[in-house]
Amino acid sequence: MNYTDALNLMHEYTKSEALRKHMYAVEVAMRAYARKYGEPEELWAIVGVLHDFDYEKFPTIPEHPTKGSEILKEKGYTEDIRSAILGHASYTSVQRDTLMAKVLYACDELCGFISAVAIIRPNKITDLEISSVKKKLKDKAFAKNVSREDINLGIKELDVSLDDHIMFVIEAMKANRERLGL
Ligand SMILES: [Fe+2]
Ligand SMILES: [Fe+2]
C-alpha cells in the first residue's frame, strides 16, 4: 500500500470536497510531524489521508471509523495504520499507544478548527497567527462542533504546548494552502 493507493481509496469513498480537504489538512500536518520526529512520512501521510475516509458513507458512531477499519483490513492495510485510525475516535476505546496515533489525534480536531478560523479571513491562512486561533478556541459559540477537550487531551498526550502545536500545524497547512483551499 502506498500513498497513491490510499488517496485513491479516500477519493472513492469521499465525494465531499470539504471532507477531502479536511483529510488533506490532517495529512500535511502528519507529514510535517513525521519529518520533525524522524518517522516514516509516507506511512503517517497514509494515516492522515485515510482517517475519515469512511465518514461520508458511515457517519454514525461507532460505524465511523470501525467500518472503515474493516474495509482497510480487507484491503491489506496493516495493524499500525488501522489502530491509529481507530484511536482518533475516543469511543472506540482503542489506545493511542504509538506516536503516530497520538499525533493523529492531536492534529485531527485542530486542523478542522484552524480551517474554520482561516476560511473566513480575508487573507485566509497566510497571515493567521496563534493568538487568533487561541481567541477563537475560547469563543464557545465558534465552530462549536470542534471539541476543545479533544484538542487539550491531544496536546497533553503528545506532550507539546498549545502554542507550539498551533504554530506547527499552521505552518504545515500554510505550506499547502492551495491544496487546502486556504
Ligand atoms: Fe473521524
Ligand atoms: Fe478528522
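Residues numbered from 1 in each chain as written. Chains lettered and ligands numbered in written order. Predicted model: local features only at pLDDT ≥ 70, side-chain atom pairs only at ≥ 80, totals over all residues. Heavy atoms only, no water.

A. Region of the structure containing the packing of aromatic side chains. All chains considered together, the criterion is met by four aromatic pairs. Taking 5.1 Å as the distance between ring centres and 80° as the angle between the ring planes, the aromatic pair formed by Tyr 13 and Phe 53 counts as edge-to-face. In this pair, Tyr 13 is assigned in helix α1 (residues 3-13) and Phe 53 in the loop between α3 (41-50) and α4 (63-74), connecting sequence segments 40 residues apart. Owing to a relative accessible area of 13%, Tyr 13 belongs among the buried residues under this scheme. On the numbers, 5.6 Å between centres and 15° between planes, the contact of Tyr 33 with Tyr 37 is stacked. (Phe/Tyr/Trp six-rings, centres within 6.5 Å; stacked < 30°, edge-to-face > 60°. Helix = DSSP H or I, 4+ residues; strand = E, 2+ residues; numbered from the N terminus. Buried < 20%, exposed > 50% of the residue type's maximum accessible area, 1.4 Å probe, protein only.)

B. Structural view of the coordination of the iron ion (ligand 1). Looking at the metal site, the iron ion (ligand 1) is ligated by Asp 52 (OD), His 64 (NE2) and His 88 (NE2), spaced 2.1 to 2.3 Å from it. Going along the chain, you hit the donors of the iron ion (ligand 1) in the pattern D-x11-H-x23-H. Between the iron ion (ligand 1) and the iron ion (ligand 2) the interatomic distance comes to 4.0 Å, and Asp 52 is a ligand of both metals. In this pair, Asp 52 sits in the loop between α3 and α4 while His 88 sits in the loop between α5 (79-87) and α6 (99-119), placing the two residues 36 residues apart along the sequence. You'll find Asp 52 and His 88 in the same group, each marked buried. (Donors = N, O, S within 2.8 Å, 3.2 Å for Na, K, Ca; no water.)

C. Geometry of the coordination of the iron ion (ligand 2). Taken together, His 22 (NE2), His 51 (NE2), Asp 52 (OD) and Asp 108 (OD) make up the protein donors of the iron ion (ligand 2), found 2.1 to 2.2 Å from the metal. Around the iron ion (ligand 2), the four donor atoms sit at angles spanning 86 to 178°, and that spread fits a shape best called irregular. Positions of the donor residues of the iron ion (ligand 2), expressed as sequence spacing, correspond to H-x28-H-D-x55-D. In this structure Asp 52 comes out as buried when scored by relative accessible area, which is 8%. (Tetrahedral: all angles 85-135°; square planar, octahedral: opposite > 155°, others 65-115°.)

D. Structural detail: the nonpolar core. Leu 50, Phe 113, Ile 114, Val 169 and Met 173 are the most contacted members of the largest nonpolar core, which totals 61 residues. If you tally residues by element for this core, the top one is α6, at twelve residues. (Core = buried A, V, L, I, M, F, W, Y, C linked by side-chain atoms within 4.5 Å.)

E. Layout of the side chain of Asp 108. Relative to the assigned elements, Asp 108 resides in helix α6. Once you skip the residues sitting within four places of it in the chain, Asp 108 turns out to touch His 22, Val 26, His 51, Asp 52 and His 88. (Contact = heavy atoms within 4.5 Å.)

F. Here's a closer look at α6. In this model, α6 (21 residues) spans 29 Å end to end at C-alpha, consistent with the 30 Å of a helix rising 1.5 Å per residue. Of all bends in α6, the biggest is about 25°, found at Cys 107. (Expected span 1.5 Å × (residues − 1). Bend = angle between axes of the 7 residues up to and from the residue.)

G. Molecular detail of the packing of helix α7 (residues 130-138) against helix α9 (residues 162-174). Running from amino to carboxyl end, α7 crosses α9 at an angle of 115°, the nearest separation of the two axes being 10 Å. The hand of the α7/α9 crossing is right-handed. Contacts between α7 and α9 involve Ile 130, Val 133, Lys 134 and Leu 137 on the former and, on the latter, Leu 162, Asp 163, Ile 166, Met 167 and Ile 170. (Axes fitted to C-alpha atoms, helices over the stretch in contact; angles between N-to-C directions. Left-handed = near helix turned anticlockwise from the far one by under 90°.)

H. Layout of the pattern of salt bridges. Under the counting rule described, the total for this entry stands at eleven salt bridges. The structure contains a network of salt bridges with shared partners spanning Glu 27, Arg 31, Arg 35, Glu 41 and Arg 179. (Salt bridge = Lys/Arg side-chain N within 4 Å of Asp/Glu carboxyl O.)

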